[in-house]
Amino acid sequence: EVLGRKRSMMLVAVPQLIGWLLMYFSQDLLMIYMSGFMMGFSIGFMEAPSLSYVGEICQPHLRANMCSLTSLNVPLGYLVMYLLGTILDWRTTALCSAAMPILTVLAITLVPESPMWLLRKDRGVEAEAALCWLRGWVQPADVRAEFASLQAYSEKSKMEHCQDNPQTRSPKKGQIYIEVPKNGNGPRLEEGRSPKVALTFSEKLKDLSRP
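Identification of the protein as Major facilitator superfamily (MFS) profile domain-containing protein from Homalodisca liturata is taken from an unreviewed UniProt entry. Of the protein, the UniProt comment under Subcellular location (unreviewed entry) reads exactly: "Membrane".

Printed below as a string of structure tokens:
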């Protein structure tokens, strides 16, 4: 969420590239184990940013199919690897596979960031430009309705996040937000009260005066 969808997808390609290079230059079993660890680490973190990006840039009627195709590419990649392994030795196969993360990073640099992520970061101008690019280099007027719906959804998400997070909620007059300890080393937690609640000053004094 901090880096964005594009940077996250580019970042997870780095350990995959390292893994394939370790496989190619491996001289002992330890390097092969390290290669497997790096590639497994990359694959484990790859799905979240890629599915998030595809889901956020697609139109609703295409979203399910495109997300399914994203997952389908994983076994398709395994198939390509097995086919390469039948005609090449394993080191050459690893070297050919090392080109894929590089091509992936280069391809990602050609596409814009997710408009939804840009809106969450209050970068509306960039979000509108990204949406125009994704819809076929159209003019802002052509995506005005869709962009307005994305803005409304983004604002709604921000409001819900603020309501769910007491730290970002503005306390009412006469109320103080305090941490109520869950253990016995402080004011006792009353039954039915959440760990973080809004207490008036008098309620806070009562809690502090209890044994």
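Next comes the rest of the description.
**Quick look at the UniProt feature "transmembrane region" (unreviewed entry) in the protein**
Taken from the UniProt record, the annotation "transmembrane region" (unreviewed entry) applies to residues 32-54, 66-84 and 90-111. The distance separating the terminal C-alpha atoms of residues 32-54 is 33 Å; by composition the span is 100% helix and 0% strand. The distance separating the terminal C-alpha atoms of residues 66-84 is 27 Å; by composition the span is 100% helix and 0% strand.

**Describing the pattern of salt bridges**
The final tally for this structure, using the stated rule, is four salt bridges. Taking the shortest distance from any N to any O, the salt bridge between Glu-56 and Arg-120 comes out at 3.4 Å. Placement of Glu-56 in helix H2 (residues 29-57) and of Arg-120 in helix H5 (residues 115-120) is noted, with a sequence separation of 64 residues between them. Judged by relative accessible area, which is 16%, Glu-56 ranks as buried. For Arg-120, a relative accessible area of 28% gives the class partly exposed. The partner of Arg-135 in a salt bridge is Glu-146, and the shortest N-O contact between them spans 2.6 Å.

**Focus: the side chain of Ser-114**
Its location among the elements puts Ser-114 in the loop between helix H4 (90-108) and H5. Using a relative accessible area of 0% as the deciding quantity, one classes Ser-114 as buried. The contact partners of Ser-114, leaving out residues within four places of it in the chain, are Arg-5, Tyr-53, Glu-56 and Ile-57.

**Re unusual backbone geometry**
A positive phi angle is found at Asp-122, which is not glycine, with a value near 60°. Residue position: Asp-122 is located in the loop between H5 and helix H6 (124-134). Asp-122 gets classed as exposed once you look at its relative accessible area, which sits at 62%. The backbone of Trp-137 sits at a positive phi, close to 55°, despite the residue not being glycine. Within the element layout of this structure, Trp-137 appears in the loop between H6 and helix H7 (144-164).

**Description of H4**
Its 19 residues place the ends of H4 28 Å apart at the C-alpha level, agreeing with the 27 Å of an ideal helix rising 1.5 Å per residue. Of all the positions in H4, only Thr-93, Ala-94, Ser-97, Ala-98, Pro-101 and Ile-108 are classed as buried. Down the axis of H4, the smallest arc covering the buried residues is 150°, so these residues share one side. Its side-chain oxygen 3.1 Å from the backbone nitrogen of Arg-91, Asp-89 forms the N-cap of H4.

So, how was this worked out
Residues numbered from 1 in each chain as written. Predicted model: local features only at pLDDT ≥ 70, side-chain atom pairs only at ≥ 80, totals over all residues. Heavy atoms only, no water. UniProt positions renumbered as here; feature names shortened; annotations may be inferred. Helix = DSSP H or I, 4+ residues; strand = E, 2+ residues; numbered from the N terminus. Salt bridge = Lys/Arg side-chain N within 4 Å of Asp/Glu carboxyl O. Buried < 20%, exposed > 50% of the residue type's maximum accessible area, 1.4 Å probe, protein only. Contact = heavy atoms within 4.5 Å. Expected span 1.5 Å × (residues − 1). Arc of directions from axis to C-beta. Polar contact = N/O pair within 3.5 Å; in protein donor to acceptor, adjacent residues only side chain to side chain.

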